[in-house]
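Close look at the chain arrangement
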Number of protein chains: 2
Amino acid sequence: MHSVSEENYIKTIYHLQDGDALVSTNEIAGRMNTKASSVTDMLKKLAEKQLAEYVPYKGSRLTSAGLDCAMQIIRKHRLWEVFLVEKLNFSWDEVHEVAEQLEHIQSRKLIDQLDQLLDHPKYDPHGDPIPDAQGNYEQPKHTQLSQLKPQDSGVLAGVLDTSTRFLQYLDKHQIELGTQITIVDHEEFDGSFIIKTAQKSLPISKTVADQLYLKLNS
Amino acid sequence: MHSVSEENYIKTIYHLQDGDALVSTNEIAGRMNTKASSVTDMLKKLAEKQLAEYVPYKGSRLTSAGLDCAMQIIRKHRLWEVFLVEKLNFSWDEVHEVAEQLEHIQSRKLIDQLDQLLDHPKYDPHGDPIPDAQGNYEQPKHTQLSQLKPQDSGVLAGVLDTSTRFLQYLDKHQIELGTQITIVDHEEFDGSFIIKTAQKSLPISKTVADQLYLKLNS
DNA sequence: TTAAATTTTTAGACTCGCCTAAATTTTAAT
DNA sequence: ATTAAAATTTAGGCGAGTCTAAAAATTTAA
Ligand SMILES: [Mn+2]
Ligand SMILES: [Mn+2]
Ligand SMILES: [Mn+2]
Ligand SMILES: [Mn+2]
């Protein structure tokens, strides 16, 4: 159907896309560690294949066919991540690289059965929602920790940054999905917070607070 | 490490190799549905990379590095096949195409954990032995059904042809790995047999008899 | 043993995905 | 409104992997 390279571009455009704004060539190149000229080449091909609209010098956006394709890839990526964590003892910071490969395996039955084996999970190990076979999913409306005030509390339901570095930082401080977190204090001058979990109190920078999404308590 | 294409060539050479005889360019091309000229190109590259010896106009054979590589790919292929059958409800005639893709996923941890999840299986769904992490395996010495005489019996332990067509033929006649089979009769003039299972008696051609490997009783 | 048939390699070309360098367009700043 | 800076595209090229057609080597058959 589509090449691995095409699929990676489609997924990247999807992730960079915000509403119906065009995604710039440079943004794609930056995210994919390629050169802008390579991106231009691929955008022409995706436009040719009706997977993306491409307006020279302005940017690109996925067509509905491209969006469908993106959802299938993301569904596969996230299901494989769940599989790796639930069945193969991977930690949440190890799954990305492998899922990046597995998401390109072509087999409808494979992914349907995997979904079943895992009991139709709704979220991946980083709290991201898993689209169903039709490509539909509901974006849970979680609250960025950095938006909260002292006394607010909730459980960690998602992380924005899924890099190994960041996830291992959370591991080090015994913070994982489902961890109950209460805001203790907020420093206005640098935006940092002091948070409390069942285990301990912890000061975190604004940078970290921006990455954490909580499901607020009742 | 090695490209998907290189890996596919290595695997093919392994399967065609018999002792230390050279494998011919045309044999490889035939098996891989490519042209002889493409094979020549790749053989030069594999020789360059020390994965195969290549004697122009004579043929090629894997070096010990190539053999190691082949065993790892085959290990992955067969473990994934077991996974598909045991965990994802694939039938033995559906696994090959998908395993052909999955065998190229690069992750040591993935395959070690998969092996563990499956309880270190010794054989794949077609009765082929699964190499261990070091690439070692013992070729079970099963007997080709076509070598047997009336009264001989055993359980089906392996099939040579793993094509969908052939496996579905066996399914149709309720023959699967582990099925107890007794030779009832052997026709000298065309090499055909009449065999008996718990379910029924069945005449099979020499062609079919050649594909079936039995573990003899007692 | 010579000629014909077969196998294999070489030569040249193509697509895909990527790159660098140069040209062009857009945007931001004076 | 010009000009400088930044973003983007074009032009040309490269490696991997494949193909077709032609040349060369090997095998087989007469
Ligand atoms: Mn990917
Ligand atoms: Mn994820
Ligand atoms: Mn393969
Ligand atoms: Mn098999």
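Use the structure listed above.
Below is a short write-up of the structure. (Residues numbered from 1 in each chain as written. Chains lettered and ligands numbered in written order. Predicted model: local features only at pLDDT ≥ 70, side-chain atom pairs only at ≥ 80, totals over all residues. Heavy atoms only, no water.)

1. Regarding the packing of helix α1 (residues 4–16) of chain B against helix α2 (residues 25–32) of chain B
Residue and element names in this part refer to chain B. Running from amino to carboxyl end, α1 crosses α2 at an angle of 115°, the nearest separation of the two axes being 10 Å. Here α1 and α2 pass one another in a crossing that is right-handed. Within the contact between the two elements, α1 uses Asn8, Tyr9, Thr12, Ile13, His15 and Leu16 and α2 uses Glu27, Ile28, Arg31 and Met32. (Axes fitted to C-alpha atoms, helices over the stretch in contact; angles between N-to-C directions. Helix = DSSP H or I, 4+ residues; strand = E, 2+ residues; numbered from the N terminus. Left-handed = near helix turned anticlockwise from the far one by under 90°. Contact = heavy atoms within 4.5 Å.)

2. Notes on the sheet that holds strand β8 (residues 212–216) of chain B
All names here are of chain B. Ordered by their spatial adjacency, six strands build an open sheet running β3-β8-β4-β5-β6-β7, and the pairing between neighbours is antiparallel. Whereas interior strands pair on both sides, the edge strands pair on one side only; in this sheet they are β3 (143–144) and β7 (201–204). Where strand β6 (residues 193–196) meets β7, four bridges bridge the pair, whose relative direction is antiparallel. Along β7, the bridge assignment pairs Phe193 with Ile204. (Pairing = 2+ DSSP bridges.)

3. Side note on the pattern of salt bridges
A complete count under the given rule lists 22 salt bridges over all chains for this structure. A salt bridge links B:Lys206 to B:Asp210; the shortest N-O distance between them is 3.1 Å. With B:Lys206 and B:Asp210 both in helix α8 (residues 206–211) and four residues apart, this pair spans about one turn of that helix. Judged by its relative accessible area of 38%, B:Lys206 is partly exposed. The network of salt bridges with common partners includes A:Arg75, A:Arg108, A:Asp112 and A:Asp115. (Salt bridge = Lys/Arg side-chain N within 4 Å of Asp/Glu carboxyl O. Buried < 20%, exposed > 50% of the residue type's maximum accessible area, 1.4 Å probe, protein only.)

4. Overview of the protein's contact with DNA strand C
The local shell around DNA strand C holds 21 residues, among which A:Ser3, A:Lys45, B:Thr40, B:Lys44 and B:Tyr54 are the closest. Take B:Lys44: an N or O atom from its side chain is 2.5 Å from a phosphate oxygen of DNA strand C. Counting residues per element, the ones that place at least two in the surface near DNA strand C are α1 (4–16) and α3 (36–48) of chain A together with α2 and α3 (36–48) of chain B. (Near = heavy atom within 4 Å. Polar contact = N/O pair within 3.5 Å; in protein donor to acceptor, adjacent residues only side chain to side chain.)

5. Considering the interface of chain B and chain A
Listed as interface residues are 21 residues of chain B and, on the opposing side, 21 residues of chain A. Between chain B and chain A, roughly 1,700 Å² of surface is buried when both sides are summed, and carbon and sulfur atoms account for 68% of that area. Three residues, B:Leu88, B:Gln101 and B:Lys109, lead the burial of chain B against chain A; their summed loss comes to 28% of the area buried on that side. Across the chain B-chain A interface, the total number found is two salt bridges. For B:Lys109, the salt bridge identified is with A:Glu94, shortest N-O distance 3.0 Å. Seen at the junction of chain B and chain A, the total is eight residue pairs in polar contact (both at pLDDT 80 or more). A per-element tally of the side of chain B that touches chain A places helix α6 (residues 108–117) of chain B first, with six residues. (Buried area = accessible area lost by both parts, 1.4 Å probe.)

6. With respect to the nonpolar core
Of all hydrophobic cores here, the largest spans 32 residues; its most connected members are A:Phe83 and B:Phe83. When contributions to this core are tallied by element, the ones reaching two or more residues are α4 (64–88), α5 (95–102) and α6 (108–117) of chain A together with α4 (64–86), α5 (95–102) and α6 of chain B. A total of six residues in this core trace back to one element, the largest contributor, which is α4(A). Those residues in contact with A:Phe83, other than ones at most four positions away along the chain, are A:Leu88, A:Leu114, A:Leu117, A:Leu118, B:Phe83, B:Leu114 and B:Leu117. (Core = buried A, V, L, I, M, F, W, Y, C linked by side-chain atoms within 4.5 Å.)

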